[in-house]
Amino acid sequence: MKYEISITKTSNPKPHPQDESKLGFGKIFTDHMFLMDYSADKGWYNARIVPFGPIPTHPASTVFHYGAEIFEGMKAYRAVDGTIRLFRPMENIKRLNNSAERLCLPQLDEQGCLEILNTMVELEKDWVPHSEGTSLYIRPFLYGNDPHLGVHAVSNAVFAVICSPVGAYYAEGINPVKIAIESEDVRAVRGGTGYAKCGGNYAASLRAGQRAEKNGYTQVLWLDGVDRKYIEEVGAMNVMFKIGGKIITPELTGSVLPGITRKSCIELLKDWGYTVEERKISVDELFEAAQNGTLEEAWGTGTAAVVSPIGHLFYKGTEYTVSNNQIGEVTYKLYNELTAIQWGKAEDTHGWSTKVCNG
Ligand SMILES: *Cc1c(COP(=O)(O)O)cnc(C)c1O
């Protein structure tokens, strides 16, 4: 073990949710949480699993004032062979360290972090729900925790992991969403924090999301912050289009979050013989394709939904229907293949699914 983890089990375990169809997302938490402290002198220390509960924090703590916070989102799956599995966990750990580097937060040992995740998931394995499509959502997060208001890179930090049993994302079937293209707010700019999974990016994106919702749209499609014309992401997902038989997805320019689902989709699509172009794609190109009938499919990718088909696109007064507001063939194939690998139903030729323990 890289980090020696002490375990204090709860004396008061919570009842597990009876009706797994009502789990929703991130509302219920397991019995324990992982915490570990960092100081510039000691490095990471006091790795511990303790009963789930509030984290006492100094009122001057960096995280409250300057937003020094990053996080990850991943899932543990109860596979069909009875084992509990993670999907490409090392990718999340590497991204966490990349995010930490951007925000001047301390690095974690990769192998040590994997051991922390495995230890947490194994301890909470009975909380991994059983119903089709359900999983245990894992939320690692890391924040600056200096107890004073001076503005500089932190010398104290906390790494924490909490877990939440979550329901099937598509309990009511995979329905395409309505997306509004955002022409006012931007999510990120090159040189900023777009490629880091940091809380502040989310805080800054809420206003546009709220506005879109008010107008009857599920999410916004973000444009780049400089030219305001190249497509970046959709909500908190990466985005892909099938145009004239080819798959096109925005390249990772620094303002786009490098999604693990995105990366996995690209690898599968290439396996299947599709041409995948990672490049700039402008709204003009997209709407030309929508108008001349070559825009065949559009979908978002992310851990929560896996894929989310886009049925309508709205931009400056015009609404376009994509794929007759049906889930497209490639979108559906990606969904089926990724979920089959995650739940151990399909052969995992890439070695993406990793066993944590027996269920
Ligand atoms: C987490 C996230 C994604 C998706 O990443 P996955 O690794 O596929 O879950 C995409 N965009 C944003 C802004 C995100 O925060």
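Residues numbered from 1 in each chain as written. Predicted model: local features only at pLDDT ≥ 70, side-chain atom pairs only at ≥ 80, totals over all residues. Heavy atoms only, no water.

1. Describing the overall build of the chain
Then step 1. Within the chain, the regular secondary structure consists of seven helices and 18 strands.
Then step 2. Relative to the globule expectation of 21 Å for 359 residues, the C-alpha radius of gyration of the chain, 21 Å, shows essentially globular dimensions.
Then step 3. Projected onto its principal axes, the C-alpha coordinates of the chain cover approximately 60 × 50 × 35 Å.
Then step 4. The long-range fraction of contacts in the chain, counting pairs at least 24 apart against all pairs at least 6 apart in sequence, stands at 71%.
Then step 5. Summed over its atoms, the accessible surface of the chain is roughly 16000 Å², and 49% of this surface lies on carbon and sulfur atoms. (Helix = DSSP H or I, 4+ residues; strand = E, 2+ residues; numbered from the N terminus. Rg over C-alpha atoms; globule rule 2.2 N^0.38 Å. Contact = heavy atoms within 4.5 Å. Areas by Shrake-Rupley, 256 points an atom, 1.4 Å probe, with all protein chains shown as cover.)

2. Some points on the domain arrangement of the chain
Then step 1. Split into domains, the chain comes out as domain 1 (5-166) and domain 2 (177-342).
Then step 2. Here domain 1 and domain 2 have C-alpha centroids that lie 28 Å from each other.
Then step 3. The interface is formed by 18 residues belonging to domain 1 together with 21 residues belonging to domain 2.
Then step 4. Here domain 1 packs against domain 2, burying approximately 1800 Å² in sum over the two surfaces, 57% of which is carbon and sulfur.
Then step 5. On the surface where domain 1 and domain 2 come into contact, there are two salt bridges.
Then step 6. Among the salt bridges present, the one from Glu267 reaches Arg88, with a minimum N-O distance of 3.3 Å.
Then step 7. Inspection of the domain 1/domain 2 interface yields 12 residue pairs in polar contact (both at pLDDT 80 or more).
Then step 8. Listed by contribution, the elements that provide at least two residues to the side of domain 1 that touches domain 2 are β4 (69-71), β5 (74-78) and α2 (89-102). (Domains from an automatic or database assignment. Buried area = accessible area lost by both parts, 1.4 Å probe. Salt bridge = Lys/Arg side-chain N within 4 Å of Asp/Glu carboxyl O. Polar contact = N/O pair within 3.5 Å; in protein donor to acceptor, adjacent residues only side chain to side chain.)

3. Looking at unusual backbone geometry
Across residues other than glycine, the phi torsion is negative in most instances, and most of the peptide bonds are trans.
Then step 1. Positive phi values are uncommon outside glycine, yet Asn46 reaches one of about 55°.
Then step 2. Secondary-structure assignment places Asn46 in strand β3 (residues 43-51).
Then step 3. On the basis of relative accessible area, Asn46 is assigned to the partly exposed category, the value being 41%.
Then step 4. You will see that Cys104, though not glycine, has its phi angle at about 55°, which is positive.
Then step 5. Within the element layout of this structure, Cys104 appears in the loop between α2 and α3 (110-123).
Then step 6. Overall, the relative accessible area of 47% leaves Cys104 in the partly exposed class. (Buried < 20%, exposed > 50% of the residue type's maximum accessible area, 1.4 Å probe, protein only.)

4. Regarding the packing of aromatic side chains
Each aromatic ring pair is characterised by the separation of its centres together with the angle its planes make.
Then step 1. Inspection of every chain in the model, using the stated rule, returns 14 aromatic pairs.
Then step 2. Ring geometry for Phe25 against Tyr137: centres 4.9 Å apart, planes inclined by 70°, an arrangement best described as edge-to-face. Taken together, the positions of Phe25 in the loop between β1 (6-7) and β2 (32-39) and Tyr137 in strand β7 (residues 135-144) put the pair 112 residues apart, joining distant regions of the chain.
Then step 3. With relative accessibility at 48%, the residue Phe25 sits in the partly exposed group.
Then step 4. Cluster of aromatic residues (ring-pair linked, three or more members): Phe34, Tyr38, Trp44 and Phe159.
Then step 5. Across from the ring centre of Tyr45, 4.0 Å away, lies the NZ or CZ of Lys42, which sits over that ring.
Then step 6. Directly above the aromatic system of Tyr217 lies the positively charged group of Lys178, at a separation of 5.3 Å from the ring centroid. (Phe/Tyr/Trp six-rings, centres within 6.5 Å; stacked < 30°, edge-to-face > 60°. Lys NZ or Arg CZ within 6 Å of the ring centre and 35° of its normal.)

5. Looking at the pairing of strand β15 (residues 295-302)
Then step 1. Of all eight residues making up β15, seven are buried, and the element is well covered by its neighbours.
Then step 2. Judged from the four bridges that link them, β15 and strand β16 (residues 306-315) form a sheet pairing that is antiparallel. Bridged to Thr301 within β16 is Val307.
Then step 3. Between the end of β15 and the start of β16, which pair antiparallel, lie three residues. (Pairing = 2+ DSSP bridges.)

6. What about the pairing of β16?
Then step 1. For β16, a buried count of nine out of 10 residues is recorded, marking the element as mostly surrounded by other parts of the structure.
Then step 2. In the sheet, strand β9 (residues 177-181) pairs with β16 via four bridges, with the strands oriented parallel. Bridge pairing in β16 places Val177 opposite Ile310.
Then step 3. Inspection of the sheet shows β16 paired to strand β17 (residues 318-321) by four bridges, in the antiparallel sense. Following the sheet pairing, Leu313 is matched in β17 by Tyr320.
Then step 4. Taking the residues between adjacent antiparallel strands as the criterion, β16 and β17 are bridged by two residues, where Lys316 takes a positive phi near 40°.

7. Notes on the site of the ligand
Then step 1. For the ligand, the set of nearby residues contains 14 residues, the closest of which are Lys197, Tyr202, Glu233, Thr261 and Thr303.
Then step 2. One nitrogen or oxygen atom from the side chain of Tyr202 is found 2.6 Å from an oxygen atom belonging to the ligand.
Then step 3. Protein contacts shield 96% of the accessible area of the ligand, which totals 380 Å² for the unbound molecule.
Then step 4. Along the lines of polarity and charge, the residues of the shell around the ligand split into five nonpolar, five polar and four charged. (Near = heavy atom within 4 Å. Nonpolar A, V, L, I, M, F, W, Y, C, P; charged D, E, K, R; others polar.)

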